[in-house]
Amino acid sequence: MHSADGDLDPGLSKARPVSSSRPRPEIARRSVYWPEIHRREPTPVYRQENLGVGATLEGPAIIELPTTTVAVRPGQTLVVDDMLNYVIAQPDFQGGSDD
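The rules behind the values
By convention here, each chain's residues receive numbers from 1 onward along its written sequence. Side-chain atom pairs in this predicted model are given and counted only at pLDDT of 80 or more, local residue features only at pLDDT of at least 70, and totals for whole chains, interfaces and linings cover all residues. Only hydrogens and water are set aside; all other atoms, that is, all heavy atoms of the structure, feed into the side-chain values. Side-chain atoms within 4.5 Å link the members of a nonpolar core, which is a set of buried Ala, Val, Leu, Ile, Met, Phe, Trp, Tyr and Cys residues. Each residue gets one of three labels from its accessible area relative to the maximum for its type: buried under 20%, exposed over 50%, partly exposed in between, using a 1.4 Å probe on protein chains only. To qualify as a helix, a DSSP run of H or I must reach at least 4 residues; to qualify as a strand, a run of E must reach at least 2; elements of each kind are numbered from the N terminus. Any two strands are treated as partners once DSSP identifies two or more bridges connecting them. Angles here are taken between N-to-C directions and fall from 0 to 180 degrees, while the axes themselves are lines fitted to C-alpha atoms, restricted in helices to the stretch in contact. Here, a salt bridge means any side-chain nitrogen of Lys or Arg that lies within 4 Å of a carboxyl oxygen of Asp or Glu.

A.B. asks: Got a minute to help me understand the nonpolar core in this structure?
C.D. replies: Within soluble globular proteins, side chains that are nonpolar tend to cluster in buried spots. Ranked by size, the top nonpolar core spans 10 residues in total: Tyr-46, Leu-51, Ala-55, Leu-57, Ala-61, Ile-63, Val-70, Val-72, Leu-78 and Val-80. Of all the elements in the fold, those that place two or more residues in this core are strand 4 (61–64), strand 5 (69–72) and strand 6 (77–80).

A.B. asks: Please explain unusual backbone geometry as it appears in this structure.
C.D. replies: Trans is the common state for peptide bonds, and a negative phi is the common state for residues other than glycine. A cis amide bond links Gly-59 to the next residue, Pro-60, at an omega of 10°. Locating Pro-60 in the fold gives a position in the loop between strand 3 (56–58) and strand 4. Unlike most non-glycine residues, His-38 shows phi in positive territory, near 60°. Mapped onto the elements of the fold, His-38 is located in the loop between strand 1 (28–34) and strand 2 (39–47). The phi dihedral of Leu-84 falls on the positive side, at around 65°, and the residue is not glycine. Tracing the backbone through its elements, the reader meets Leu-84 in the loop between strand 6 and strand 7 (86–89).

A.B. asks: What exactly am I supposed to notice about the sheet that holds strand 3 here?
C.D. replies: Sheet strands pair via backbone hydrogen bonds, and the direction of the pair is either parallel or antiparallel. One open sheet holds the three strands; their spatial order is 3-6-7, and the pairing between them is antiparallel. The sheet is open, and its two borders are formed by strand 3 and strand 7, each paired with just one other strand. Strand-to-strand twist of the sheet, defined as the mean angle between neighbouring strand axes without regard to direction, takes the value 20°. Relative to strand 6, strand 3 runs antiparallel, the two sharing three bridges. Its bridge partner lying in strand 6, Leu-57 is registered against Leu-78.

A.B. asks: Looking at this structure, I do not really get the sheet that holds strand 2. What am I missing?
C.D. replies: Read across the sheet, four strands follow the order 1-2-4-5 without closing on themselves; strand pairing throughout is mixed. The open sheet has two edge strands, strand 1 and strand 5, and neither has a second partner. The average undirected angle you get between the axes of adjacent strands in this sheet is 30°. Note: strand 2 against strand 4, three bridges, orientation parallel. Each residue of the ladder has a partner; that of Val-45, found in strand 4, is Ile-62.

A.B. asks: For this particular structure, what's the right way to read the pattern of salt bridges?
C.D. replies: When charged atoms on two side chains of opposite charge get close, those side chains can pair. A full pass over the atoms with the stated rule returns five salt bridges. Across the pair Arg-30 and Glu-64 runs a salt bridge whose closest N-O atoms are separated by 2.5 Å. Taken together, the residues span a long stretch of sequence, with Arg-30 in strand 1 and Glu-64 in strand 4 at a distance of 34 residues. Note that Arg-73 is salt-bridged to Glu-36, the shortest N-O span being 2.8 Å. Of this pair, Arg-73 sits in the loop between strand 5 and strand 6 while Glu-36 sits in the loop between strand 1 and strand 2, placing them 37 residues apart in sequence.

Functional significance is not addressed by these values, which are geometric in nature.
Spelled out as structure tokens, the structure:
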């Protein structure tokens, strides 16, 4: 939570950074169909507990959590921030209109 002045609530603490921004090795690879590239791609699968602060993944990738799954699409980049949130950057898309 943020305080009224925008700083982190003093009751919250940031997670400790990992020694490397490289996550532990994937736990598996799955053949996943990615519509943006119109084909199946062998996709690495990671577990939440193996991704610490500063971990960075280039898509495609799958992250398994106890109650959900996060898909990092081809071309996206995921970074784990100081509060262990997943921040996914989307590249600029230069697609045509939907007409």
